[in-house]
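Chains, contacts and geometry: an overview
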Amino acid sequence: MGVYVIAEAGMNHDGSLGNAIRMVEVAVEAGADAVKFQLHDAAAESTRDAPSPPYFEHESRWDYFQRTAFTDEQWRTLREACDRAGIDFVCSPFSLEAVERLERVGGVARYKIGSGEVTNLDLIRAAAATSKPVLVSSGMSTWEELDAAVEAAGANASVLQCTSAYPTPPDRVGLNLIAELRKRYGKPVGFSDHSLGPYAAFAAVALGAEIVEKHFTLSKEMYGPDAALALEPAELDELVDGIREISEILASPVDKDAQAAALGEMKAIFEKSAVATREIPAGAVIERDMLAAKKPGTGIPAQRIDELVGMRARRDIAADTVLTDDDVE
């Protein structure tokens, strides 16, 4: 199996089921393996006066969660839309109630534990208890916290390198941790990308990430905590196409000698041969200044010119002739 690409819709639907279903379609059109949403239940996960992140400018986080919440029937409709489209329905729950609701409407292909939930071990255990794979993000955790979370997530856990900075600057992406996560936990590892553009994700795949998650939106002009930093549909296409091509490259080792043999026609056109710089009579001892390296590469390879010095011409050789082994002795 290649890289598992998760198109992260998150809350960029802004409470519109129509937008959410269109995002499923966009993810499918891009070739993603999964589309991921977030199930926020304001009363279950937050107090009313909990501070809001700075990107909530026009309403409190509580009000935003209330306004954008889907009913169970809407969640079921969204999951069924994923089933019909042939794409995995993945979701991040932020409360025990959210896990219960997701199971009630038919479940998910995988659960994703957001970086802010890594220390919520009851939630992680509840997700693991469904026997679904659990993706654990690591954007703001210490090693000690992450150790406990991965243990709670159980045998079906995967661990994603992540940095909870929006956007994440290049010097904080932390792709060095991909190898460390694999060594430390012995589980599939991936990358939840909050940087701008596709480059960090491409590098992560080259370094062995088996899962890549990236936010996308129908338009960067939409309201929401992630829309301005997310990929638009054409950019999501580019991301998935790039990941697929990089994966094919990595899965296709090349034998250098075999490849050179297969490029014989190109070698003849572009490489050089030993060529007579002047007329060389039969029986003459070949000197270095009698030879030059010139195209085509159909004769004695230019790298053998020094070997020819001191040999004799077997026959008359005209100037600007490509030498072959039959010309010397």
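Let us look at the structure shown here. (Residues numbered from 1 in each chain as written. Predicted model: local features only at pLDDT ≥ 70, side-chain atom pairs only at ≥ 80, totals over all residues. Heavy atoms only, no water.)

1. Some words on the nonpolar core
Residues Val35, Phe37, Trp75, Leu78, Phe89, Phe216 and Leu236 are the most contacted members of the largest nonpolar core, which totals 63 residues. Tallying contributions element by element places helix 1 (residues 17–30) first for this core, with seven residues. Ignoring anything within four residues of it in the chain, the contact list for Phe216 reads Ala7, Glu8, Ala9, Asn12, Met23, Val26, Ala27, Val35, Ala230, Leu231 and Leu236. In terms of nonpolar packing, the next biggest core, distinct from the first, is built from 14 residues, Ala274, Ala276, Leu291 and Val328 among them. (Core = buried A, V, L, I, M, F, W, Y, C linked by side-chain atoms within 4.5 Å. Buried < 20%, exposed > 50% of the residue type's maximum accessible area, 1.4 Å probe, protein only. Helix = DSSP H or I, 4+ residues; strand = E, 2+ residues; numbered from the N terminus. Contact = heavy atoms within 4.5 Å.)

2. A short note on the sheet that holds strand 1 (residues 4–10)
Taken in spatial order, the eight strands close into a barrel running 1-2-3-4-5-6-7-8, and their pairing is parallel. For this sheet the average axis-to-axis angle between neighbouring strands, irrespective of direction, equals 25 degrees. Those strands touched by helix 5 (residues 96–104) are strand 2 (34–39), strand 3 (88–93) and strand 4 (110–113), and its axis lies near 160 degrees from that of strand 3. (Pairing = 2+ DSSP bridges. Axes fitted to C-alpha atoms, helices over the stretch in contact; angles between N-to-C directions.)

3. Concerning the layout of surface pockets
Of the pockets and cavities examined, the largest pocket occupies roughly 760 Å³. What lines the largest pocket is a set of 31 residues, and nearest its centre among them are Gln38, His40, Tyr55, Phe94 and Tyr166. Elements supplying a minimum of two residues to the lining of the largest pocket: strand 2, helix 3 (61–68) and strand 8 (211–215). The residue inventory of the lining of the largest pocket, partitioned by class, reads 11 nonpolar, 12 polar and eight charged. Every residue along the wall of the second largest pocket is listed here: Ser138, Gly139, Met140, Ser141, Thr142, Trp143, Leu146, Gln161, Cys162, Thr163, Leu177 and Leu181. When residues of the lining of the second largest pocket are traced back to their parent elements, those giving at least two are helix 7 (143–153) and helix 8 (176–185). Partitioning the lining of the second largest pocket into residue classes produces six nonpolar, six polar and no charged. (1 Å grid on protein atoms, 1.4 Å probe; cavity = no way out; pocket = protein on both sides within 12 Å on 5 of 7 lines; lining within 4 Å. Points joined across faces, edges and corners; volume = space filled by probe spheres on them. Nonpolar A, V, L, I, M, F, W, Y, C, P; charged D, E, K, R; others polar.)

4. Here's the deal with a negative patch on the surface
Residues Asp237, Glu238, Asp241, Glu245 and Glu248 make up a contiguous surface patch of negative charge. Relative to the helices and strands, Glu248 is located in helix 10 (residues 233–250). (Patch = residues over 30% accessible without salt bridge, like charges linked within 9 Å, V, L, I, M, F, W, Y side chains within 5 Å. Areas by Shrake-Rupley, 256 points an atom, 1.4 Å probe, with all protein chains shown as cover. Salt bridge = Lys/Arg side-chain N within 4 Å of Asp/Glu carboxyl O. Lys, Arg positive; Asp, Glu negative; His and termini not counted. Charge placed at Lys NZ, Arg CZ, Asp CG, Glu CD.)

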